[in-house]
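# Close look at the chain arrangement
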Amino acid sequence: MLENYHIILASNSPRRRELLGGLGLTFDVRVIPGIDESYPQGLPPAEIPVFIARRKAGAYIPGMKADDLIITADTVVVLDGGILEKPSDRDDAVRMLKMLSGRTHTVVTGVAVTAAHRQTDFSVASDVVFAALDCDEINYYVDTHHPYDKAGAYGIQEWIGYVGVQAIYGSFYNVMGLPVQRLYQELKVF
């Protein structure tokens, strides 16, 4: 049924492009720069990614064509009830990884699927157990992979995931940034 749609992934993320491509769909990437990704103070951390995914979708609605189907997403890392967003610089990335070391955190991705006739949104949460990382491991990862565009300062598909992730409870692909199994289920009913 999706052949009637022009699917648009509204994301700069190469990981999201790879994951959506894994579904075998034909899609274009379109990015509107400067979309406001702020959220109301007091919003529970698990609700933030869906709020932002809907806000991103709202920026695309005025320019939508009748056959467009736009996919927007946002991912956050939740630790101790707080959000670890994208690090601002090297020191911030090191700080975040030290906080995650030897602990369990939750990765939540919110997704909005928007067409002219309807919009649906959802979120998926996965718990990730990190091994204890020493300073040399953290510095090596930050200096070789520069994880400044990743929530929580890490990409599970990179070196840190190989050596630092002890267990995942939930979707691996969600931790990468797009819960493709759930997205596939949602797209089947569009």
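One structure accompanies this document, and this report is about it. Keep in mind that this is a model prediction, so the values were computed, not measured.

Here we take up the pattern of salt bridges. Applying the stated criterion across every chain, the model contains eleven salt bridges. Close ionic contact of Arg90 with Asp143 constitutes a salt bridge, the shortest N to O distance being 2.7 Å. Within this pair, whereas Arg90 is found in helix H3 (residues 90-100), its partner Asp143 is found in helix H4 (residues 135-145), the two being separated by 53 residues in sequence. Under the relative-accessibility criterion, Asp143 is labelled partly exposed at 40%. The salt bridge involving Asp149 is made with Lys150; its shortest N-O contact spans 3.0 Å. Lys150 gets classed as buried once you look at its relative accessible area, which sits at 8%.

Attention now moves to the nonpolar core. Leu69, Leu97, Phe130, Tyr154 and Leu183 are the most contacted members of the largest nonpolar core, which has 43 residues in total. Other than its neighbours up to four places away in sequence, Leu69 contacts Leu2, Tyr5, His6, Ile7, Ile8, Val113, Thr114, Leu187 and Phe190. Counting six residues, the second largest nonpolar core, distinct from the first, contains Ile8, Ile35, Met64 and Ile70.

Bringing the pairing of strand E5 (residues 104-115) into the picture now. The buried fraction of E5 is high, at ten of twelve residues. The pairing of strand E3 (residues 68-79) with E5 spans ten bridges and is classified as antiparallel. Paired with Val78 across the bridge in E5 is Thr106. In this structure, E5 lies alongside strand E6 (residues 119-130), joined through eleven bridges in antiparallel fashion. The residue bridging Val113 from the neighbouring strand is Thr120, located in E6. Here E5 folds back onto E6, and the loop between the two strands holds three residues.

Turning to the packing of aromatic side chains, a few remarks are in order. On inspection of all chains with the given rule, the structure shows four aromatic pairs. Here the aromatic rings of Tyr5 and Phe190 are separated by 6.3 Å at their centres, their planes lie at 70 degrees, and the arrangement is edge-to-face. Highlighted residues: Tyr5 in the segment before strand E1 (6-9) and Phe190 in the segment after helix H7 (180-188), separated in sequence by 185 residues. Using a relative accessible area of 17% as the deciding quantity, one classes Tyr5 as buried. Relative to Tyr173, the ring of Phe172 has its centre 5.5 Å away and its plane inclined at 80 degrees; by these criteria the two rings are edge-to-face. For Tyr173, a relative accessible area of 42% puts it in the partly exposed group. Taking NZ or CZ as reference, Arg118 lies 4.3 Å from the ring centre of Phe190, over its face.

Parameters and conventions
Residues numbered from 1 in each chain as written. Predicted model: local features only at pLDDT ≥ 70, side-chain atom pairs only at ≥ 80, totals over all residues. Heavy atoms only, no water. Salt bridge = Lys/Arg side-chain N within 4 Å of Asp/Glu carboxyl O. Helix = DSSP H or I, 4+ residues; strand = E, 2+ residues; numbered from the N terminus. Buried < 20%, exposed > 50% of the residue type's maximum accessible area, 1.4 Å probe, protein only. Core = buried A, V, L, I, M, F, W, Y, C linked by side-chain atoms within 4.5 Å. Contact = heavy atoms within 4.5 Å. Pairing = 2+ DSSP bridges. Phe/Tyr/Trp six-rings, centres within 6.5 Å; stacked < 30°, edge-to-face > 60°. Lys NZ or Arg CZ within 6 Å of the ring centre and 35° of its normal.

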